[in-house]
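Below are the chains, spelled out letter by letter.
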Amino acid sequence: MSTNLIKMVKLNNLQYNANRDPQVYRRVAGHPFRIQAMLEGKGTAKVSVICEGKTMKETSIELPGIFSYEITFKDAGIRIATLSVSVDGQSESRDLMLGTEAHAKVG
């Protein structure tokens, strides 16, 4: 029987939901995105964040545990970051849409 390794993902301190309006998670260029993952299971997990073809962060965490990472982009755009967790031959990943705007909205 397989269990989920990723219990919950938070983006900017809000529970991540791909069906939610993406405006909720957007940041102005230069302001960080905070990615947090609550992980379940036993053993030592390898956790990584990959964005734009580059590994931004890779670490090992004792399970159960919490992974946290901040990522900042200098220019506006929409990027997909992949959070991957693997332990003992089991792996799970989640795609996160990270949208940055050139400047803050006024009003």
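Source: prediction; values computed, not measured.

Caption draft 1: Inspection of the overall build of the protein at higher detail. When helices and strands are tallied, the protein shows zero helices and seven strands. The C-alpha atoms of the protein give 15 Å as radius of gyration, which agrees with the globular expectation for 107 residues (13 Å, within 12%). Projected onto its principal axes, the C-alpha positions of the protein cover 50 × 25 × 15 Å. Looking at the protein as a whole, 35% of its 107 residues qualify as buried. Of the contacts made within the protein by residues no fewer than 6 positions apart, 59% connect residues no fewer than 24 positions apart. Of the accessible surface of the protein, which amounts to about 6600 Å², a share of 47% is contributed by carbon and sulfur atoms.

Caption draft 2: The arrangement of the packing of aromatic side chains in detail. Overall, the coordinates contain two aromatic pairs when judged by the stated rule. Taking the centre distance of 5.1 Å and the plane angle of 35° together, the rings of Tyr-16 and Tyr-25 count as tilted. Accessibility assignment for this pair places Tyr-16 and Tyr-25 in one class, buried. Seen in terms of ring centroids, Phe-33 and Phe-73 are 6.1 Å apart; in terms of plane orientation they differ by 65°. Their pairing is edge-to-face.

Cut-off values and rules
- All residue numbers refer to positions counted from 1 along the written sequence of the respective chain.
- Where totals are concerned, whole chains, interfaces and linings use all residues; where local detail is concerned, this predicted model gives features only for residues with pLDDT of at least 70, and gives and counts side-chain atom pairs only at 80 or more.
- With hydrogens and water stripped out, all remaining heavy atoms of the structure feed into the side-chain values.
- Runs of H or I in DSSP of at least four residues are treated as helices and runs of E of at least two as strands, each being numbered from the N terminus.
- Each radius of gyration is computed over the set of C-alpha atoms, and the globule rule expresses the reference value as 2.2 Å times the number of residues to the power 0.38.
- A simple rule labels every residue: compare its accessible area, found with a 1.4 Å probe on the protein chains alone, to the largest value its type can have, and call it buried under 20%, exposed over 50%, or partly exposed in between.
- In what follows, residue pairs with any heavy atoms lying within 4.5 Å of each other are defined as contacts.
- Only the protein chains shown count as cover for residues, and the accessible areas themselves come from Shrake-Rupley with a 1.4 Å probe.
- For Phe, Tyr and Trp, where Trp contributes only its six-membered ring, two rings pair if their centres lie within 6.5 Å, and the inter-plane angle classes them as stacked under 30 degrees, edge-to-face over 60, or tilted in between.

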